[in-house]
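# Structural overview for review
The lines below spell out each chain.
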Amino acid sequence: MNLKIRTYNQVAEAESNLPDQVAEAARRVAVRLHTVQMTLAVMSGKGGVGKSMVSALLAASFARRGMKTGLLDADLNGPSTAHLLGVDGDGLAVGPEGIEPARSSGDVRIMSMSLILDQDAALSWREPRDSGYIWRGAQERRALREFLADTAWGRLDIMVIDLPPGGPRLADLHAMVPDLTGVVVVTAPGRSARDAVARSLDLARARSAPVAGLIENMSGVVCSECGEITRVHEGGEADALAARFGVPVLGALPLDSGLAAAADGGRVEDWTDRKGAAGSVRDLVRQLALRTEEELQRLRLEHPRGGSGG
Amino acid sequence: MKFLCVPCDRQMTFEERQTPGDGTLAAVFRCPKCERMTAMLANPMETQLVSSLGVKVGGRTVPQAEFEGIRGGVTAGRDDAFEDREPATPPAGPVRWSPEAVERLGLVPSFVRGMVKKIYNDYARERGIARMTPAVMDQARSDLGLEGM
Ligand SMILES: [Zn+2]
């Protein structure tokens, strides 16, 4: 028997509401981001390279320079940026425009899972009974979309998005934010970090996501006595990778015990001075933020936003 | 997804949803011509997948609440994570809550309570219901697919 039935795209008389609702979800993101000038995704090839620290330092530095700055913590399972900026959340207000982000003392607007979950609680989702596994990835994509669309970000000059380690979430983010201004990849010295970063860069390239550049973290150690920076590895790895992928190295930050203590205490913003002695860590942070912004501005001119409204 | 009544060549329209509470979903569709009904039965994984897209089978009638997936989905939400405030002047008149309804709302974890209350109020206003009762709450849960809230 071969019934001549109409197929999906031929049937349109009643509400085809599922695709409409999916389109509506995408529209909500686009509408919200319409008032955001630049979006910067911070990713790393693997964990433990200080990616969240770099995100927090960049966001704090942008805000310090007077840019209206948002920080979206997309590292849902390991959220730490809010703590780094001394924000522990104290009841997110549900306002007429959406959920109000928390604000750091330096006026970075933050949304993070750490503001929502019980202290020390891991992120876990309600599971339907009799289901051996859950669509965790799907739930996390939905959460990311809600962070983007339902947070009352307001007008922002820049939104920094701290992605979880590894590549896959970049694809999700890029699907939700097709006109992402730029991606930076945080790396650390050493072979395994380098290989992981190469994979991340490859993934970004495969998705045609604009890469603003590489940031080398933990590039050396700062002497707590004299402040001199000693490199721990031969170095040159970030430069070699950057050359291979045709992207710039935006800066390098050393390990510094003072900065580490500030991170523990939620005082990372203290490390974003306007000045800072040449060659000091504060100066390196400032240079890094300047260079990153410069590259984002260049990418923005290179790929102006489409007329699709975001 | 769409359902087509083959003998009539008409798209069936959404009639009713049932969420028995075991993670599964039943959605009933009816042919507008011959009135024949068919039920779509989704297992927990299928139900979850659809819900993670932020969509409801049968269409929503009240707008999506902010962070609905997060607030309805996470298991360890902080009690005081959100400050939900009722608008001073609700859009279409206040909905009065019966003591039984208030008591039942009190059983909802505080993490989602404000949001759930707003969804119930929106649902009632949209239908011109002036008084919230457990029966209205049951109906709203089923109509809106608020399983687990
Ligand atoms: Zn029929």
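Cut-offs applied
Residues numbered from 1 in each chain as written. Chains lettered and ligands numbered in written order. Predicted model: local features only at pLDDT ≥ 70, side-chain atom pairs only at ≥ 80, totals over all residues. Heavy atoms only, no water. Donors = N, O, S within 2.8 Å, 3.2 Å for Na, K, Ca; no water. Tetrahedral: all angles 85-135°; square planar, octahedral: opposite > 155°, others 65-115°. Helix = DSSP H or I, 4+ residues; strand = E, 2+ residues; numbered from the N terminus. Pairing = 2+ DSSP bridges. Buried < 20%, exposed > 50% of the residue type's maximum accessible area, 1.4 Å probe, protein only. Axes fitted to C-alpha atoms, helices over the stretch in contact; angles between N-to-C directions. Parallel < 35°, antiparallel > 145°, perpendicular 65-115°, else oblique. Contact = heavy atoms within 4.5 Å. Nonpolar A, V, L, I, M, F, W, Y, C, P; charged D, E, K, R; others polar. pLDDT = per-residue confidence, 0-100. Arc of directions from axis to C-beta.

## Structural notes on the coordination of the zinc ion
Residue and element names in this part refer to chain B. Summarising the metal site, the zinc ion is bound by the protein donors C5 (SG), C8 (SG), C31 (SG) and C34 (SG), whose distances to it range over 2.3 to 2.4 Å. Because the angles between the 4 donor atoms bound to the zinc ion fall within 107 to 115 degrees, the donor set is best described as tetrahedral. If you list the donors of the zinc ion from N- to C-terminus, the spacing comes out as C-x2-C-x22-C-x2-C. Taken together, the residues C8 in the loop between β1 (4–5) and β2 (10–11) and C34 in the loop between β4 (25–30) and β5 (37–42) connect sequence positions 26 residues apart.

## Looking at the sheet that holds strand β6 (residues 82–84) of chain B
Ordered by their spatial adjacency, 3 strands build an open sheet running β4(A)-β3(A)-β6(B), and the pairing between neighbours is mixed. Edge positions in the sheet fall to β4 (98–99) of chain A together with β6 of chain B, since each has one partner strand and no second. Taken together, the 2 bridges between strand β3 (residues 92–95) of chain A and β4 of chain A define a ladder with antiparallel strand orientation. Residue G95 of chain A lies in a different strand from β4 of chain A, and its bridge partner there is G98 of chain A.

## So, unusual backbone geometry
Residues and elements named next belong to chain A. Even without a glycine there, the phi angle at D107 is positive, about 70 degrees. Residue D107 is classed as partly exposed on the basis of its relative accessible area of 38%. Its identity as a non-glycine residue notwithstanding, S208 has a phi of 55 degrees, on the positive side. In this fold, S208 is placed in the loop between α6 (191–206) and β9 (211–222). For S208, a relative accessible area of 60% translates into the label exposed.

## Let's talk about the packing of helix α2 (residues 51–64) of chain A against helix α9 (residues 281–302) of chain A
All names here are of chain A. In contact at an axis separation of 9 Å, α2 and α9 are set at 80 degrees when each is read in the N-to-C sense. The angle between the axes of α2 and α9 places the two elements in the roughly perpendicular class. Two secondary-structure elements touch here, α2 through L57, L58, S61 and F62 and α9 through V285, L288, A289, T292 and E293. Partitioned by chemical class, the residues of the contact of α2 with α9 number 6 nonpolar, 2 polar and 1 charged.

## A word on the sheet that holds strand β3 (residues 13–18) of chain B
Residue and element names in this part refer to chain B. Strand order in the open sheet formed by 3 strands is β3-β4-β5, with antiparallel pairing between adjacent strands. Pairing within the sheet leaves two strands with one partner each, and these edge strands are β3 and β5. Across this sheet, the average inter-strand angle for adjacent strands is 25 degrees, counted without regard to direction. The pairing of β4 with β5 spans 6 bridges and is classified as antiparallel. Paired with V28 across the bridge in β5 is A39.

## Notes on the confidence of the model for chain B
All names here are of chain B. Counting all residues, the mean pLDDT for chain B is 82, and 84% of those residues have values of 70 or more. Across chain B, element-level confidence peaks in strand β8 (residues 131–132) with a mean pLDDT of 94 and bottoms out in helix α1 (residues 44–52) with 73. Scored as a whole, the predicted complex attains pTM 0.84, and scored at its interfaces, ipTM 0.82.

## Looking at helix α7 (residues 237–245) of chain A
Residues and elements named next belong to chain A. Of the residues making up α7, those classed as buried are E237, A238, L241, A242 and F245. Viewed end-on, α7 has its buried residues packed into an arc of 130 degrees, placing them on one side of the element. Turned more than 90 degrees away from the buried face of α7 sit D239, A243 and R244, all of them exposed. Packing partners of the buried residues in α7 comprise β8 (182–187), α6, β9 and β11 (249–255). Looking one or two places after α7, you find G246, whose phi comes out positive at around 70 degrees.

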